[in-house]
Amino acid sequence: MQVVILDNADAVANYGANIFVRRLQRQPASVFGLATGSTPVALYQKLIQTYERGEVSFRDVTTFNLDEYLGLSGDHPQSYRHFMNQQLFEHIDINPGNTYVPPGNASNPISACEEYEQLIEKHGGIDIQLLGIGRNGHIGFNEPSSGLRSRTRVKTLTPATIDDNARFFEDDEYQPHLSITMGIGTILDSRQVVLLATGSHKADAIRDTVEGPLSAACPASALQMHTNAVVIVDEAAAARLQHADFYKHIERENQQLLAQLGIN
Ligand code: PGA
């Protein structure tokens, strides 16, 4: 696992966005796995700016989002489909038909999960999966105790996650307690994983992800099994890492090597 510790949230978004931009410039028909939450928003803004400067096109890109609330249709203002349209898709030249989000209003959610897996496979798998992380170490809606090889399925949200997300819902508004989420196994099948975390409230989850045991108690720790996972954090989220200096040293060495090889 590559751990990149940067000064602030803006640098985290920049570093993450550059990974997507470089891939897109090499491979215009990339398949990207995308995430919701507040953390990825700054990265999406960087991607939009890069698009507006004419440096990339999303014309041939396909996207798969990690998760969606069960019981909300895509036009609901709190649905993740709505979030993605507003935060990214409406601002770039992607074909809306190539953007997939699990169907929160599926009449048969169980078969919808299987179909989502098949759709990812039909597109050749995900090139880069973007992830945020919950305070409890969840990735997507894979809450603690999720099977480390799980596939796309219906999951119950923990009270902690429901509390964290309550800020987006009006007091009298229905807040779903169930979701459809890619599984941890689905995420691990992506060819590259990019996890972003900023702020001191993520410091415990990042410590458990990077230095804790591989455990369903911290679903993101499953990334220790991935061959190409990068965890990009600001100083606040890195505060509880025991080997932070070593990770910074490795990153400096990596950057020097890339500079010598002429790779930006
Ligand atoms: P956040 O959510 O980016 O809003 O903190 C992350 C997550 O729960 O995956």
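Since this is a predicted model, take the numbers as computed values, not measurements. (Residues numbered from 1 in each chain as written. Predicted model: local features only at pLDDT ≥ 70, side-chain atom pairs only at ≥ 80, totals over all residues. Heavy atoms only, no water.)

**Re the packing of helix 2 (residues 39–52) against helix 3 (residues 80–87)**
At a minimum axis separation of 10 Å, helix 2 and helix 3 run at an interaxial angle of 40 degrees. With respect to helix 3, the axis of helix 2 lies oblique. Together, Val 41, Tyr 44 and Ile 48 of helix 2 and Phe 83, Met 84 and Gln 87 of helix 3 make up the contact between the two elements. Its residues assigned to classes, the contact of helix 2 with helix 3 shows five nonpolar, one polar and no charged. (Axes fitted to C-alpha atoms, helices over the stretch in contact; angles between N-to-C directions. Helix = DSSP H or I, 4+ residues; strand = E, 2+ residues; numbered from the N terminus. Parallel < 35°, antiparallel > 145°, perpendicular 65-115°, else oblique. Contact = heavy atoms within 4.5 Å. Nonpolar A, V, L, I, M, F, W, Y, C, P; charged D, E, K, R; others polar.)

**Quick word on empty space enclosed by the protein**
In total, this model carries one cavity of 30 Å³ or more according to the counting rule given. Approximately 40 Å³ is the volume attributed to the largest cavity. Every residue along the wall of the largest cavity is listed here: Phe 32, Leu 34, Leu 47, Phe 58, Val 61, Thr 63, Leu 88, Phe 89, Ile 92 and Ile 94. For the lining of the largest cavity, the residue count by class is nine nonpolar, one polar and no charged. (1 Å grid on protein atoms, 1.4 Å probe; cavity = no way out; pocket = protein on both sides within 12 Å on 5 of 7 lines; lining within 4 Å. Points joined across faces, edges and corners; volume = space filled by probe spheres on them.)

**Here we look at the sheet that holds strand 3 (residues 62–65)**
Strand order in the open sheet made by the seven strands is 1-10-9-6-2-3-5, with parallel pairing throughout. At either end of the open sheet lies a strand with only one pairing partner, and these are strand 1 (2–6) and strand 5 (99–100). Summarising the sheet, strand 1 and strand 10 (residues 229–234) pair through five bridges and their orientation is parallel. Bridging across to strand 10, Ile 5 finds its partner in Val 233. Where helix 4 (residues 109–122) meets the sheet, it contacts strand 3 and strand 5, and its direction lies at approximately 150 degrees from that of strand 3. (Pairing = 2+ DSSP bridges.)

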